[in-house]
Amino acid sequence: MRKPLIAGNWKMNGSAELIETFGRTFAGIELSSPVDVVIHPPFPYLDAARSAFAGTPLALGAQTLNPLPSGARTGEVSGEMLAEFGVEYVLAGHSERRQLYHESDEQVYERVIAALTVGLKPILCVGETLEERDAGQSEDVVLRQVGHVMARLEPGQRRMMTIAYEPVWAIGTGRTATPEQAQQMMAAIRGYQASFDSALADALRLLYGGSMNASNARELLAQEDIDGGLIGGASLKVDDFKAICQSAG
Ligand code: PGA
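Now for a look at the structure at hand. For clarity, every value in this text was computed on a predicted model and none was experimentally measured.

Within this model, the largest pocket holds a volume of roughly 520 Å³. Among the elements that make up the lining of the largest pocket, the one with the highest residue count is helix 4 (residues 95–100) (3 residues). Taken together, the residues that form the lining of the largest pocket break down as 10 nonpolar, 5 polar and 4 charged.

Written as structure tokens, this is what we have:
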């Protein structure tokens, strides 16, 4: 039985006030069954979030990291710095990073390794564009992105991983993959994983991302191979995010 994980990716949104609101709201939350919950705020809010989330079920996540431990990389943040601030999870390969900042599969792999080296749990984001889906290439693209990282990790490293399938055409568009489309891809990812590590395939958490919200979460999360969600827009509204966490329980 895999424990669900609900991750809120705030992207370049949020405020110190929103951090406080989440801390207050989640301090008193009753989840019907065990769910891991993590918020990925922008870097400047991590320290405030660490204090505000103490004693709540909210874990701390970051949105990216630089593969180097330190050095002349203006504007970048290392995994060691994140670990020092109590960060537990870090996204790697979000489609906005791949598209807007040209992160390649290899650079995503380097970030995953850097995260694992300092004990952070990577959430590897994968997903096809609309053109790739229309061309019938969805599965090839997603399994290439997954394989480029997972096939090269040691078994112990693989156990630290979570994979988020986020079709690019569903991110921030209000257009969600149908539960069947999402389930089909999850089954493909789990099947691929089983081809070289069947014990891990059963334990690996697979998240759906892309316009998940309080209304569609329950149906998506009910799919056999969907173990949680990576939520953008709806993670900025505390009541919606709380409702999604409750539907995961
Ligand atoms: P969205 O974003 O929920 O706003 O579609 C998801 C994501 O980019 O992780």
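Every second residue of strand 6 (residues 162–165) is oriented toward a common face, with T162 and A164 on one face and I163 and Y165 on the other, all of them buried. Both strand 5 (residues 121–126) and strand 6 contribute to a ladder of 4 bridges, which runs parallel. By the bridge assignment, V126 is partnered in strand 6 with Y165. Two elements, strand 6 and strand 7 (residues 205–209), share 4 bridges in a ladder whose sense is parallel. Bridged to T162 within strand 7 is R205.

On to the site of the ligand, then. As a matter of local geometry, the ligand sits amid 13 residues, with K11, H94, E166, G172 and S211 nearest to it. Between the ligand and the protein, one listed contact pairs an oxygen atom with a side-chain N or O atom of K11 at 2.7 Å. Within the backbone of G233, an N or O atom sits 2.8 Å from an oxygen atom of the ligand. Within the complex, the protein chains bury 95% of what would otherwise be the 280 Å² of accessible surface of the ligand. Counted by class, the shell around the ligand contains 4 nonpolar, 7 polar and 2 charged residues.

This part is about helix 7 (residues 138–150). Relative to the 18 Å expected for 13 residues at 1.5 Å per residue, helix 7 spans 18 Å between its end C-alpha atoms, a close match to the ideal helical length. Listed as buried for helix 7 are S138, V141, V142, L143, Q145, V146, G147, V149 and M150.

As for its position among the elements, A54 is in the loop between helix 2 (46–52) and strand 3 (58–62). Put simply, A54 and R144 are 90 residues apart on the chain and 38 Å apart in space, counted from C-alpha to C-alpha.

Turning next to the sheet that holds strand 8 (residues 228–231). Reading around the barrel, the 8 strands line up as 1-2-3-4-5-6-7-8 and close back on themselves, with parallel pairing between neighbours. Sheet twist, expressed as the mean angle between neighbouring strand axes with direction ignored, is 25 degrees. In terms of strand pairing, strand 2 (residues 36–40) meets strand 3 through 3 bridges, oriented parallel. Considered in strand 3, the bridge of V38 is made with A59. Running over the sheet, helix 7 touches strand 5 and strand 6 and is turned about 155 degrees from strand 5. With respect to the sheet, helix 12 (residues 238–248) is in contact with strand 1 (5–9), strand 2 and strand 8, its orientation differing from that of strand 1 by roughly 160 degrees.

What counts as what
Residues numbered from 1 in each chain as written. Predicted model: local features only at pLDDT ≥ 70, side-chain atom pairs only at ≥ 80, totals over all residues. Heavy atoms only, no water. 1 Å grid on protein atoms, 1.4 Å probe; cavity = no way out; pocket = protein on both sides within 12 Å on 5 of 7 lines; lining within 4 Å. Points joined across faces, edges and corners; volume = space filled by probe spheres on them. Helix = DSSP H or I, 4+ residues; strand = E, 2+ residues; numbered from the N terminus. Nonpolar A, V, L, I, M, F, W, Y, C, P; charged D, E, K, R; others polar. Buried < 20%, exposed > 50% of the residue type's maximum accessible area, 1.4 Å probe, protein only. Pairing = 2+ DSSP bridges. Near = heavy atom within 4 Å. Polar contact = N/O pair within 3.5 Å; in protein donor to acceptor, adjacent residues only side chain to side chain. Areas by Shrake-Rupley, 256 points an atom, 1.4 Å probe, with all protein chains shown as cover. Expected span 1.5 Å × (residues − 1). Axes fitted to C-alpha atoms, helices over the stretch in contact; angles between N-to-C directions. Contact = heavy atoms within 4.5 Å.

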